[in-house]
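# Summary of the model geometry
Read off the chains here:
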Amino acid sequence: EDQVTQSPEALRLQEGESSSLNCSYTVSGLRGLFWYRQDPGKGPEFLFTLYSAGEEKEKERLKATLTKKESFLHITAPKPEDSATYLCAVQSSGTYKYIFGTGTRLKVLA
Amino acid sequence: GAVVSQHPSRVICKSGTSVKIECRSLDFQATTMFWYRQFPKQSLMLMATSNEGSKATYEQGVEKDKFLINHASLTLSTLTVTSAHPEDSSFYICSARGHQDEAFFGQGTRLTVV
């Protein structure tokens, strides 16, 4: 069964304190792995798509990487405005459905 | 990025009435749209997959007659919660599949049934 597990569940960082969020997955055949940011009361905002092991994508302070079993979202020198829930999702071959993890709630303190 | 507009953002309705939520892709055509439900501090639970011009595919445990989905055009899908009850109160979110399989989400609808 396809599954996505994110850790940690919650993370508190001081402003400027870099860290990484983990997304472990098991899927019959990976079509794509997606990272989203969700603010309270809002829909998720698309960040990255990764398709194959070894691929990396960057956007401002965020960098996503992918291996055959997991993906990391690295946050470099975070700011309070980076506080949000970060969701990971996978899409398996043969379907367009997304399987979401439960997310990591990130709080960056000034 | 692509824009998906969901309306209304908040709705309060009386128990027993029906509520319609609209999801529009504004700058691209979406052959596939998805409807999710999200409980506080939990992830998105897929309710159904909506394909333009055909019947929606519902996930196990989702009542088809209660959550009516229509995808009449390449830019519009609607979710109607029929005979709503307090337990249907939740955050409902739609998404539309982009050209490279990424999902673009609407702003979500907070439904409160009183």
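Residues numbered from 1 in each chain as written. Chains lettered and ligands numbered in written order. Predicted model: local features only at pLDDT ≥ 70, side-chain atom pairs only at ≥ 80, totals over all residues. Heavy atoms only, no water.

Residues and elements named next belong to chain B. Within the secondary structure, Gln-6 sits in strand S1 (residues 4-7). Assessed through its relative accessible area of 4%, Gln-6 is described here as buried. Of note is the side chain of Gln-6, whose polar atom sits 2.7 Å from the backbone oxygen of Tyr-92. Not counting the four nearest positions on each side in its chain, Gln-6 is found in contact with Ile-21, Glu-22, Cys-23, Trp-35, Tyr-92, Ile-93, Cys-94, Gly-106, Gln-107, Gly-108 and Thr-109. (Helix = DSSP H or I, 4+ residues; strand = E, 2+ residues; numbered from the N terminus. Buried < 20%, exposed > 50% of the residue type's maximum accessible area, 1.4 Å probe, protein only. Polar contact = N/O pair within 3.5 Å; in protein donor to acceptor, adjacent residues only side chain to side chain. Contact = heavy atoms within 4.5 Å.)

For the rest of this paragraph, the subject is the interface of chain A and chain B. Between chain A and chain B, the contact holds 20 residues from the first and 20 residues from the second. Linking chain A with chain B are 1 salt bridge. Looking at the side of chain A that touches chain B, the elements that each hand over two or more residues are strand S4 (30-38), strand S5 (45-50), strand S9 (84-92) and strand S10 (98-100) of chain A. Here the element with the most residues in the side of chain A that touches chain B is S4 of chain A; it accounts for 4 residues. A per-class count over the side of chain A that touches chain B returns 9 nonpolar, 7 polar and 4 charged. (Salt bridge = Lys/Arg side-chain N within 4 Å of Asp/Glu carboxyl O. Nonpolar A, V, L, I, M, F, W, Y, C, P; charged D, E, K, R; others polar.)

Moving on to the packing of aromatic side chains. One pass over the structure, following the stated rule, counts 12 aromatic pairs over all chains. When the centroid spacing of 5.2 Å and the interplanar angle of 90° are considered together, the rings of Tyr-36 of chain A and Phe-105 of chain B count as edge-to-face. Here Phe-105 of chain B lies in strand S10 (residues 103-105) and Tyr-36 of chain A lies in strand S4, a pairing that spans two chains. Owing to a relative accessible area of 9%, Phe-105 of chain B belongs among the buried residues under this scheme. Judged by centre distance (6.4 Å) and plane angle (40°), the ring pair of Phe-34 of chain B and Tyr-36 of chain B falls under tilted. The same class applies to Phe-34 of chain B as to Tyr-36 of chain B, namely buried. The aromatic ring of Tyr-96 of chain A is capped on one face by Arg-97 of chain B, whose charged end is 3.6 Å from the ring centroid. (Phe/Tyr/Trp six-rings, centres within 6.5 Å; stacked < 30°, edge-to-face > 60°. Lys NZ or Arg CZ within 6 Å of the ring centre and 35° of its normal.)

With that settled, consider the sheet that holds strand S3 (residues 19-25) of chain B. Residue and element names in this part refer to chain B. Pairing is antiparallel in the open sheet, where 4 strands are placed in the order S1-S3-S8-S7. With one partner strand each, in any of the chains shown, S1 and strand S7 (67-73) form the two edges of the open sheet. Averaged over all neighbouring strand pairs, the angle between strand axes comes to 15°, with direction disregarded. Note that S7 and strand S8 (residues 76-81) share 5 bridges and pair antiparallel. (Pairing = 2+ DSSP bridges. Axes fitted to C-alpha atoms, helices over the stretch in contact; angles between N-to-C directions.)

On to the sheet that holds strand S8 (residues 70-75) of chain A. Residue and element names in this part refer to chain A. An order of S1-S3-S8-S7-S6 is seen for the 5 strands of this open sheet, with the pairing classed as antiparallel. On the outer flanks of this sheet lie strand S1 (3-7) and strand S6 (56-59), each paired with one strand and no other. Pairs of neighbouring strands in the sheet enclose a mean axial angle of 15°, with direction left out of account. Note: S1 against strand S3 (residues 19-26), 5 bridges, orientation antiparallel. Residue pairing in the sheet places Thr-5 in a bridge with Ser-24 of S3.

As enumerated under the stated definition, the model contains 2 disulfides over all chains in all. Residue Cys-23 of chain A pairs covalently with Cys-88 of chain A via a disulfide, S to S 1.9 Å. On the sign convention where negative is left-handed, the bridge of Cys-23 of chain A and Cys-88 of chain A, at about -60° about the S-S bond, is left-handed. Here Cys-23 of chain A is found in strand S3, whereas its partner Cys-88 of chain A is found in strand S9, with 65 residues between them in sequence. With respect to class, Cys-23 of chain A is no different from Cys-88 of chain A; both count as buried. Cys-23 of chain B shares a disulfide with Cys-94 of chain B; S-S distance 2.0 Å. On the sign convention where negative means left-handed, the S-S torsion of about 80° between Cys-23 of chain B and Cys-94 of chain B marks this disulfide as right-handed. Highlighted residues: Cys-23 of chain B in strand S3 and Cys-94 of chain B in strand S9 (residues 90-97), separated in sequence by 71 residues. Taking relative accessible area as the criterion, Cys-23 of chain B reaches 0% and is therefore assigned buried. (Disulfide = S-S within 2.5 Å.)

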